[in-house]
There are 2 protein chains.
Amino acid sequence: MMNTETLVTARKPTEENGAASRSADWENPRVASILSAAAKCFARKGFTATTLAEIGKELGLRKSIVHYYFASKAALIHEVQSFTYHRYLDRLKEAIRNGDGSPQQMTDALRALWDAIQSNKTGTGLNIEVWSAARRDTELKRRAAGLHRDARQVVRDALGAVASKDPARAESLATLVLAVLNGLSVTEYLEGEEAKVKDAYDAFLELLRSGATNNTAS
Amino acid sequence: MMNTETLVTARKPTEENGAASRSADWENPRVASILSAAAKCFARKGFTATTLAEIGKELGLRKSIVHYYFASKAALIHEVQSFTYHRYLDRLKEAIRNGDGSPQQMTDALRALWDAIQSNKTGTGLNIEVWSAARRDTELKRRAAGLHRDARQVVRDALGAVASKDPARAESLATLVLAVLNGLSVTEYLEGEEAKVKDAYDAFLELLRSGATNNTAS
């Protein structure tokens with residue numbers, strides 16, 4: 001069912017396939033709206049139970065229009081996670097661009113990332129669906145791992161002061177930041193206690209900031 | 001398919017249903033072996049694609065024997081996560097019992113928990129399957145949330161020195177610890193880079209320990 005050989009449109013930039021096509025496709029409002037609607041449907045019902053026709057229906061489009069942009073449901077599944085991830089990462093990149101590389105700016109940037117994730121509740125459901133399907137779909141797993149690496153690179157940049165001194169530590173902390181974001185999203189998804197989860201994230205940022213300050217001082 | 005009304009045997013202790021039956025059932029070697037085999041099958045193929053007959057086959061048992069202990073696949077699905085979780089938590093409890101409540105003992109206990117999780121690679125696949133199915137199975141979601149709460153309580157105990165001074169902070173840190181464990185398990189599951197993930201966990205324990213030390217000192 002999840003044929004991975006039919007990817008055609010709207011590929012994101014990866015090391016393998018170059019960067020040219022992404023912005024063109026994702027900046028097409030219709031492509032973006034299909035990807036958003038697909039993320040919602042997939043997060044709600046899962047990949048298997050969602051049809052291209054339903055995704056079209058969300059937008060008042062015929063299935064054939066969805067099909068015009070995405071050759072198959074597999075193509076859409078593979079693309080939708082990249083699209084969602086990169087929307088978050090763009091937010092983080094912007095927060096980094098506006099900052100001064102200090103520990104305070106790092107926590108501000110990571111708080112902006114958290115807010116971006118919180119504002120889109122379908123993200124967690126979609127991630128869980130991807131993780132679950134990745135067991136049976138090696139292309140999806142490869143892409144999910146690639147997105148993790150992309151995200152880690154951006155987070156490393158956000159770590160500013162820490163990253164410049166000790167690359168290995170920066171890599172570990174970036175891995176940790178992403179794990180915290182994923183893990184806390186799952187906690188909120190299961191328990192629904194938004195305030196408690198936010199407190200835990202704040203405690204993490206505080207540990208990170210005080211670790212960075214100690215690191216910078218020493 | 002996941003009928004949630006057929007739970008009968010081997011219930012774990014929860015606030016709602018009392019503690020009497022758990023140890024009796026889980027200490028039955030046959031029940032424990034069925035739960036272990038089920039965890040393996042579910043993690044490998046998912047809930048939907050796994051049958052009671054296959055779980056029995058892992059152990060050389062007829063389906064009817066599995067059925068004797070678990071009234072339905074739903075009963076087994078609901079139980080298997082509790083069983084796996086509590087095996088980890090027992091390890092953590094033991095590490096706490098042997099410790100002195102210091103920050104160093106806290107990190108030792110949390111490292112023991114990590115090793116326990118690492119030694120059972122099916123845990124992550126099973127968790128992901130539970131999170132995914134929880135969307136369509138409210139009883140499973142309720143139980144997963146309950147296990148999160150149980151685990152948080154045990155981790156709070158492990159936090160020792162930190163917990164005794166500031167309960168709200170201890171709660172946040174316990175939530176954080178569990179998120180890190182879940183998040184890093186997912187990272188390793190997707191990317192397979194065990195050493196990198198371990199470095200990230202070590203970096204986390206270092207932040208936690210230095211935060212605890214500062215907290216104790218001030």
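Just so you know, these numbers come straight off a predicted model, no measurement behind them.

Undergrad: Help me get a handle on the overall build of chain A, residues and values and all.
TA: On a plain count of helices and strands, chain A comes out with 11 helices and zero strands. Long-range contacts, defined as pairs at least 24 residues apart, comprise 70% of the intrachain contacts of chain A with a sequence gap of at least 6. Element-wise, carbon and sulfur atoms account for 51% of the exposed surface of chain A, whose accessible area totals about 9,100 Å².

Undergrad: How would you explain the relation of the copies chain A and chain B if you had to name every residue and give the values?
TA: When chain A is fitted to chain B, the residual RMSD is 0.0 Å, and the transformation amounts to a turn of 180° plus an axial shift of 0.0 Å. What the rotation and shift describe, once combined, is the action of a two-fold rotation axis. When C-alpha distances to the rotation axis are compared across chain A, the minimum falls at A:Gly183, with a value of 2.1 Å. Most of the interface of chain A is mirrored in chain B, where 100% of its interface residues again form contacts.

Undergrad: Residues and numbers for the packing of helix α2 (residues 29-45) of chain A against helix α5 (residues 73-97) of chain A, please.
TA: Residue and element names in this part refer to chain A. Close contact between α2 and α5 brings their axes to 9 Å; oriented N to C, the two are set at 100°. On the basis of their axis angle, the class for α2 and α5 is roughly perpendicular. The segment α2 lies against α5, with Ala-32, Ile-34, Leu-35, Ser-36, Ala-38, Ala-39 and Phe-42 engaging Lys-73, Leu-76, Ile-77, Glu-79, Val-80, Phe-83, Thr-84 and Arg-87. Grouping the constituent residues of the contact of α2 with α5 by class yields 10 nonpolar, two polar and three charged.

Undergrad: Which residues make up the interface of chain A and chain B, and what values do they have?
TA: The interface of chain A with chain B comprises 45 residues on the first partner and 45 residues on the second. By the criterion of area lost to chain B, the three top residues of chain A are A:Arg135, A:Leu190 and A:Leu207, representing 19% of everything that side buries. In this assembly, chain A and chain B are joined by six salt bridges. Here B:Glu191 and A:Arg152 are joined by a salt bridge, their closest N and O atoms 2.8 Å apart. Applying the counting criterion to the chain A and chain B interface returns 16 residue pairs in polar contact (both at pLDDT 80 or more).

Undergrad: Run through the pattern of salt bridges, naming residues and quoting values.
TA: Here the structure, examined in full by the defined rule, presents 33 salt bridges over all chains. In this structure, A:Arg44 and A:Glu58 form a salt bridge, with 3.3 Å as the shortest nitrogen-oxygen distance. Here A:Arg44, found in helix α2, pairs with A:Glu58, found in helix α3 (residues 52-59); they are 14 residues apart in sequence, far enough to count as distant. Judged by relative accessible area, A:Glu58 falls into the partly exposed class, the value being 36%. The partner of B:Arg209 in a salt bridge is B:Glu206, with the nearest N and O atoms 3.5 Å apart.

Undergrad: Hey, could you go over the packing of aromatic side chains for me, with residue numbers and the actual values?
TA: All names here are of chain A. Considering all chains together, one arrives at 11 aromatic pairs over all chains under this definition. Taken together, a centroid distance of 5.5 Å and an interplanar angle of 90° make the contact between Trp-26 and Phe-83 edge-to-face. Of this pair, Trp-26 sits in helix α1 (residues 20-26) while Phe-83 sits in helix α5; the two residues are 57 residues apart in sequence, bridging distant segments of the chain. We note that Trp-26, like Phe-83, is buried.

Undergrad: A description of the packing of helix α8 (residues 138-158) of chain A against helix α10 (residues 167-191) of chain B should follow, citing residues and the corresponding values.
TA: The description of two helices packed together rests on the angle between their axes and the distance between the axes. Viewed as axis vectors pointing N to C, α8(A) and α10(B) meet at an angle of 125°, and their least axial separation amounts to 8 Å. Viewed along their axes, α8(A) and α10(B) adopt a mutual orientation that is oblique. When the axes of α8(A) and α10(B) are compared, the crossing they make is left-handed. For the pair α8(A) and α10(B), contact is made by A:Lys141, A:Ala144, A:Ala145, A:His148, A:Arg149 and A:Arg152 and by B:Thr187, B:Tyr189, B:Leu190 and B:Glu191, respectively. By residue class, the composition of the contact of α8(A) with α10(B) is four nonpolar, two polar and four charged.

Undergrad: Lay out the nonpolar core in plain terms, naming residues and giving numbers.
TA: The biggest cluster of nonpolar side chains holds 72 residues, and the ones touching the most others in it are A:Leu208 and B:Leu208. Beyond its immediate chain neighbours, meaning those up to four positions away, A:Leu208 contacts A:Met106, A:Leu110, A:Leu159, A:Leu173, A:Val177 and B:Leu207. Listed in part, the 66 residues of the second largest apolar core include B:Phe42, B:Tyr69, B:Val130 and B:Ala133.

Undergrad: Help me get a handle on the environment of A:Ala109, residues and values and all.
TA: Residue and element names in this part refer to chain A. Following the sequence through the fold, Ala-109 ends up in helix α6 (residues 103-118). With 26 residues separating them in the primary sequence, Ala-109 and Phe-83 have C-alpha atoms 20 Å apart. Once residues lying within four places of it in the same chain are set aside, the contact partners of Ala-109 are Leu-92 and Ala-95.

Undergrad: Break down helix α7 (residues 122-134) of chain A for me, with residues and values.
TA: Under the 1.5 Å per step criterion, the end-to-end length of α7(A) is 18 Å for 13 residues, consistent within 8% with the ideal 18 Å. For α7(A), the buried fraction is high: 12 of the 13 residues fall into the buried class. Here α7(A) has its buried residues at A:Gly123, A:Thr124, A:Gly125, A:Leu126, A:Asn127, A:Ile128, A:Glu129, A:Val130, A:Trp131, A:Ser132, A:Ala133 and A:Ala134. Buried residues belonging to α7(A) abut α2, α5, α8 and α10 (167-191) of chain A together with α7 (122-134) and α10 of chain B.

Undergrad: Explain the confidence of the model for chain A to me, using residue names and the numbers behind them.
TA: All names here are of chain A. Looking at chain A as a whole, its pLDDT mean stands at 82, while 84% of the residues score no less than 70. Per-element confidence in chain A is highest for α3, whose mean pLDDT is 94, and lowest for α1, whose mean pLDDT is 49. Confidence drops under pLDDT 50 across residues 1-24; counting only partners more than four residues distant or on other chains, this segment forms 51 contacts. What the predictor reports for the complex is a pTM of 0.84 with an ipTM of 0.83.

Undergrad: An account of the environment of B:Phe70 is needed here, citing residue identities and associated values.
TA: Tracing the sequence through the fold places B:Phe70 in the loop between α4 (63-69) and α5 (73-97). Note: C-alpha distance between B:Phe70 and B:Ile34 (36 residues apart in sequence) is 9.3 Å.

Rules and cut-offs
- Residues numbered from 1 in each chain as written.
- Chains lettered and ligands numbered in written order.
- Predicted model: local features only at pLDDT ≥ 70, side-chain atom pairs only at ≥ 80, totals over all residues.
- Heavy atoms only, no water.
- Helix = DSSP H or I, 4+ residues; strand = E, 2+ residues; numbered from the N terminus.
- Contact = heavy atoms within 4.5 Å.
- Areas by Shrake-Rupley, 256 points an atom, 1.4 Å probe, with all protein chains shown as cover.
- Least-squares fit on C-alpha atoms with pLDDT ≥ 70 in both.
- Axes fitted to C-alpha atoms, helices over the stretch in contact; angles between N-to-C directions.
- Parallel < 35°, antiparallel > 145°, perpendicular 65-115°, else oblique.
- Nonpolar A, V, L, I, M, F, W, Y, C, P; charged D, E, K, R; others polar.
- Buried area = accessible area lost by both parts, 1.4 Å probe.
- Salt bridge = Lys/Arg side-chain N within 4 Å of Asp/Glu carboxyl O.
- Polar contact = N/O pair within 3.5 Å; in protein donor to acceptor, adjacent residues only side chain to side chain.
- Buried < 20%, exposed > 50% of the residue type's maximum accessible area, 1.4 Å probe, protein only.
- Phe/Tyr/Trp six-rings, centres within 6.5 Å; stacked < 30°, edge-to-face > 60°.
- Left-handed = near helix turned anticlockwise from the far one by under 90°.
- Core = buried A, V, L, I, M, F, W, Y, C linked by side-chain atoms within 4.5 Å.
- Expected span 1.5 Å × (residues − 1).
- pLDDT = per-residue confidence, 0-100.

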